[in-house]
Every structure is written in structure tokens, then in C-alpha cells.
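Analysis of the macromolecular model
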Amino acid sequence: MRTIITLAGQDVGLVSENDMALAIQAAEEVFAQHGADPMACEVANQKQYSDAEITRDEALLCAIWEEANYAAWHKATIGWMSRDIDLYMMVRSAAADGMDAISA
């Protein structure tokens, strides 16, 4: 199953198309480097933020998620003057909306 990685947040409209592609590529590289499924990382991250108890493996997936999210954020915002930016990574199944977009 293909997954779609996107950026979201209040400031997403400030990200150029080129920077968006670079951001998504940076996140994909982090997931690939760790051999991690982006959806599994996202599920573990959501579980962590719901205050549910997580396993060691889920904690590792959360760490990978944070690394990928930062890589995407950094690529998208490089050169921006402000650090108070509402921008974050989202992952969803390509089958969920039938869209053919940049995917991992």
C-alpha cells in the first residue's frame, strides 16, 4: 500500500512547490534510512500523544517520526526568518482518497 506524505498547518501556504517536494523527499529519506513504514510511525506517534502506554518499538517509531518531521520542516522552512511556524508532516494511505500524489 502506498502512503502519501504531506505538510499541513497554518503556514503551509507559504511553502513553495519546490520546497514542498524537497521537504517530502527529506522525510522519505529518514523513513528509508531506518527501514520504517511512515504509517506505522504515524500510528505510534498518535498513540503517544493520546497518553496511551507505548512499547519500546513504538517509542523507536516515534523517534523516527520526529526525525522525519523535523527533516521535512527544516527543508520547507530553510531561510525563513521566524521560528514560530505552524507546519507539520502528515501521512495517509493513498487508497483513502484515491489521489496520486507524492508518496513513499
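Above this text you will find the structure in question.
Here's what I pulled together on the structure shown here. Each residue is numbered by its place in its chain's sequence as written, counting from 1. Owing to the predicted nature of the model, reporting of local features is limited to residues with pLDDT of at least 70; listing and counting of side-chain atom pairs is limited to 80 or more, with chain, interface and lining totals taken over all residues. Here the side-chain values reflect all heavy atoms present in the structure, with hydrogen atoms and water set aside.

**What about the pairing of strand β2 (residues 88–93)?**
- Only protein chains enter the area calculation, which uses a 1.4 Å probe; residues under 20% of their type maximum are buried, those over 50% are exposed, and those in between are partly exposed. By the criteria applied, helices consist of DSSP H or I runs no shorter than four residues and strands consist of E runs no shorter than two, each listed in order from the N terminus. A one-sided burial pattern is seen for β2, the buried positions being M89, V91 and S93 and the unburied ones Y88, M90 and R92.
- Pairing of strand β1 (residues 3–8) with β2, which is carried by six bridges, proceeds in the antiparallel orientation. Looking across to β2, one finds that T6 is bridged to M90. The criterion for strand pairing is that DSSP finds at least two bridges linking the strands in question.

**Some points on the nonpolar core**
- Buried Ala, Val, Leu, Ile, Met, Phe, Trp, Tyr and Cys residues form a nonpolar core when they are joined through side-chain atoms within 4.5 Å. Counting residues in each nonpolar core, the largest one holds 23 residues, and the members touching the most others are I5, L7, A27, F31, L87 and M89.
- Only β1, α1 (17–34), α3 (56–77) and β2 provide two or more residues apiece to this core.
- Any two residues whose heavy atoms approach within 4.5 Å are treated as being in contact. Setting aside residues no more than four positions away along its own chain, M89 makes contact with I5, T6, L7, A27, F31, W65, A68 and N69.

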